[in-house]
Amino acid sequence: MSEHTLTVAGVAVDTRHWIGGRRVASAETFTDVSPIDGSVIGEISRGTALEAAAAVAAAKAAFPAWAATSRAERARILHAVADGVEKRIEDLSIVETTDNGALLRSHRRGVMPRVAHNFRFFADWLLKLEHEDFETRGHTNHVSWDPAGPSVLITPWNAPLMLATWKVAPALAAGNTVVLKPAEWSPLTASLLADIAAEAGLPAGVLNVVQGYGSEIGDALTSHPDVRRISFTGSVPTARRIAESAAGNLTPLSLELGGKSPLLVFADADLDLAVDLAVEQYDNAGQVCLAATRFLVEESVAEEFTRRFVEKAATLTQGDPRHETTDIGPNIHPRQLEKIDAFVQRALAAGARAVIGGHRKDTQYYAPTLLTDVAQDSEIVQEEVFGPVLTLQTFSTEEEAVRLANDTRFGLAATLATADAERAERVTAQLVAGTVWVNCFFVRDLQAPFGGSRHSGVGREGGTWSFDFYCDVKNTVTAPNGWKNHG
Ligand code: NAD
């Protein structure tokens, strides 16, 4: 085992970059810390413009051969990657939990199987990707999806491997080569993915992983002229920075950003279901971009909804995410906790009332919080907190509910609880959101378009939308009568 290998909960993890099929160390490192207890996990290679350039060069060199690889062979290798993920679900789960603090049981049963599914799904979708030919005055139009080139994929820490592979899988399926930059607060599983992909037979340079602070390595990746696609999941300020950096080369961007999504509870709703949906918003300690953090509840049922919510929230167990019975784990970093608490304290100072929570538990954990008496134009209603902090407002008409729901700069998702199908249809049609859930939450199918409106994002990924983004889509028009008259 090299001096660059860490043993994380019994699993060996290489802390170096993965560039052109080789492990590469940086001169400097950064410290990776576990959110579970603040303990140091180890030192990780701290990438600079040098490693960014090397990774893009490796992706560029590997591109022609990978792009020319048949769809069937690309799909076969992606399935082999999925097999490798499935064999290492235990390793990936415990390493991810140690690194980002999300629940071990979710990683084992939901997230890591889904990571494997990301590869299988896009491999299979590739094999059936086609657009029926069509005619124009006897000419045939044929649509094809050509690999676009090296793609830079930049991901956040709240669901590291899940969000990374939701980009890596379609990019590789499309025939692109990849430079993946995971978040500096959760660098480990991307390194394991590099091992798994190499064992699965993915050729050198097709997948590269660089580690480091976005502020130090980011610009060199996103401004690189050889990069043909950038897919980013993260915050709005970083997205702006990336868009500026990519502007020089007009590199196409897919941006999946933050949210401040509403949960609309109408008086006709099944209140128990509405409360179940509401309590789910504490999942992953509130660090979910899609979370419905603003409860908008019809006046006549607000008191009863709140009573049942408080009762249900009291049954949640907060603590070590490795324990089977834990419902809410830690937040990612003491800095994130400070940010969360600052939001809450400013809201309380502005007149909000904490129905539950409203304070930290210690340096790693924030008490699940519900705030009422919040104004629509207040910071706590308008800005993404990214912690276990929810707000509750009431409405008295459907029009008011829609107005409040749409009145932020975001448009990622919306959730409705109602027993009236016509109302659901009417309200859904008026909501600004990439995804609307009616009487359910977080049901995600990889063939569905996914993305946000307004400041929640640019573009859609999922199914064919992913291939539309990662490929240069081409239309070929062929003259009538075959080749007879055209020499
Ligand atoms: P962030 O923007 O701080 O960081 C995301 C990634 O960008 C990290 O890998 C970081 O190193 C990198 N980065 C930072 N500066 C960069 C730069 N100048 N150039 C290139 N890369 C740079 O976001 P975060 O705090 O890691 O994640 C939380 C945010 O992500 C929240 O806003 C959340 O809503 C959002 N998110 C969105 C989705 C979605 O699908 N819409 C999913 C999960 C998280």
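From a predicted model like this one, the values you see are computed outputs, not experimental measurements. (Residues numbered from 1 in each chain as written. Predicted model: local features only at pLDDT ≥ 70, side-chain atom pairs only at ≥ 80, totals over all residues. Heavy atoms only, no water.)

Trainee: Can you explain the site of the ligand? Please cite residues and give values.
Mentor: Taken together, 28 residues are adjacent to the ligand, and Lys181, Glu184, Ser235, Leu257 and Glu384 come closest. In the environment of the ligand, a nitrogen atom lies 2.7 Å from a nitrogen or oxygen atom belonging to the backbone of Leu257. The contact in question runs from an oxygen atom of the ligand to an N or O atom on the side chain of Glu384, over 2.5 Å. In isolation the ligand offers 850 Å² of accessible surface; the protein chains occlude 90% of this area. Elements with a minimum of two residues in the shell around the ligand: helix H7 (214-222), strand S12 (229-233) and helix H8 (236-247). Split by residue class, the shell around the ligand holds 13 nonpolar, 10 polar and five charged. (Near = heavy atom within 4 Å. Polar contact = N/O pair within 3.5 Å; in protein donor to acceptor, adjacent residues only side chain to side chain. Areas by Shrake-Rupley, 256 points an atom, 1.4 Å probe, with all protein chains shown as cover. Helix = DSSP H or I, 4+ residues; strand = E, 2+ residues; numbered from the N terminus. Nonpolar A, V, L, I, M, F, W, Y, C, P; charged D, E, K, R; others polar.)

Trainee: So what's going on with unusual backbone geometry? Residues and values would help.
Mentor: Even without glycine at this site, Asn284 takes up a positive phi of about 55°. Secondary-structure assignment places Asn284 in the loop between helix H9 (271-279) and strand S15 (292-298).

Trainee: How would you explain the side chain of Asp99 if you had to name every residue and give the values?
Mentor: Position of Asp99 among the secondary structure elements: in helix H3 (residues 89-100). Notably, Asp99 is buried but unbridged: the nearest opposite-charge side chain belongs to Lys181, and the N-O separation is 11 Å. Sequence-distant contacts of Asp99, defined by excluding residues within four places in its chain, comprise Asp32, Val33, Pro35, Ile41, Trp185, Ser186, Pro187, Leu188 and Ile332. (Buried < 20%, exposed > 50% of the residue type's maximum accessible area, 1.4 Å probe, protein only. Lys, Arg positive; Asp, Glu negative; His and termini not counted. Salt bridge = Lys/Arg side-chain N within 4 Å of Asp/Glu carboxyl O. Contact = heavy atoms within 4.5 Å.)

Trainee: Got a sec to walk through the packing of aromatic side chains? Specific residues and values, please.
Mentor: Under the criterion given, the structure shown has 17 aromatic pairs. Relative to Phe386, the ring of Trp157 has its centre 5.4 Å away and its plane inclined at 70°; by these criteria the two rings are edge-to-face. Taken together, the residues span a long stretch of sequence, with Trp157 in the loop between strand S9 (151-154) and helix H5 (160-173) and Phe386 in the loop between helix H12 (379-382) and strand S18 (389-395) at a distance of 229 residues. Just as Trp157 is buried, Phe386 falls in that class too. Where Tyr282 meets Phe309, the ring centres are 5.9 Å apart and the plane angle is 45°; that geometry is what we call tilted. Taken together, the residues span a long stretch of sequence, with Tyr282 in the loop between H9 and S15 and Phe309 in helix H10 (residues 299-313) at a distance of 27 residues. Three or more aromatic residues joined by ring pairs make a cluster, and in this case those are Phe121, Phe122, Trp125, Trp166, Phe450 and Phe467. It is Arg229 that lies over the ring of Phe469; its NZ or CZ is 5.9 Å from the centre. (Phe/Tyr/Trp six-rings, centres within 6.5 Å; stacked < 30°, edge-to-face > 60°. Lys NZ or Arg CZ within 6 Å of the ring centre and 35° of its normal.)

Trainee: Go over the pattern of salt bridges with me, naming the residues and quoting the values.
Mentor: As enumerated under the stated definition, the model contains 30 salt bridges in all. Between Asp226 and Lys60 there is a salt bridge, and its shortest N-O distance comes to 3.5 Å. Of the two residues, Asp226 sits in the loop between H7 and S12 while Lys60 sits in helix H1 (residues 49-68), which places them 166 residues apart along the sequence. Between Arg346 and Glu379 there is a salt bridge whose closest N-O contact spans 2.8 Å. Residue Arg346 is located in helix H11 (residues 334-349), and its partner Glu379 is located in helix H12; the two are separated by 33 residues in the primary sequence. Since its relative accessible area comes to 42%, Arg346 is described here as partly exposed.

Trainee: An account of the domain arrangement of the protein chain is needed here, citing residue identities and associated values.
Mentor: Taken domain by domain, the protein chain consists of domain 1 (5-257 + 452-475) and domain 2 (262-438). Put simply, the middle of domain 1 and the middle of domain 2, counted by C-alpha atoms, are 31 Å apart. Broken down residue by residue, the surface that domain 1 buries against domain 2 is led by Ile36, Trp185 and Arg454, which jointly contribute 26%. Taken together, the links from domain 1 to domain 2 amount to two salt bridges. Among the ionic pairs, Glu324 bridges to Arg109, the shortest N-O distance being 2.3 Å. Put simply, domain 1 and domain 2 have 15 residue pairs in polar contact (both at pLDDT 80 or more) between them. Elements with a minimum of two residues in the side of domain 1 that touches domain 2: H3, helix H4 (104-127) and H8. (Domains from an automatic or database assignment. Buried area = accessible area lost by both parts, 1.4 Å probe.)

Trainee: Provide a residue-level description of H4, including the pertinent values.
Mentor: The first and last C-alpha atoms of H4 sit 34 Å apart over 24 residues, in line with the 34 Å expected at 1.5 Å per residue. At Val111, H4 shows its largest bend, some 35°, and a proline, Pro113, comes one to four positions later. (Expected span 1.5 Å × (residues − 1). Bend = angle between axes of the 7 residues up to and from the residue.)

Trainee: Any chance you could break down the pairing of strand S5 (residues 29-33) for me, citing the residues and the numbers?
Mentor: Here S5 shows a buried face lined by Phe30 and Asp32 and an unburied face lined by Thr29, Thr31 and Val33. Of the strand pairs in this sheet, S5 and strand S6 (residues 40-45) are connected by five bridges, and their pairing is antiparallel. When the sheet's bridge partners are listed, Thr31 is paired in S6 with Glu43. Connecting S5 to the next strand, S6, in antiparallel fashion are six residues, including Gly38 with a positive phi near 75°. (Pairing = 2+ DSSP bridges.)

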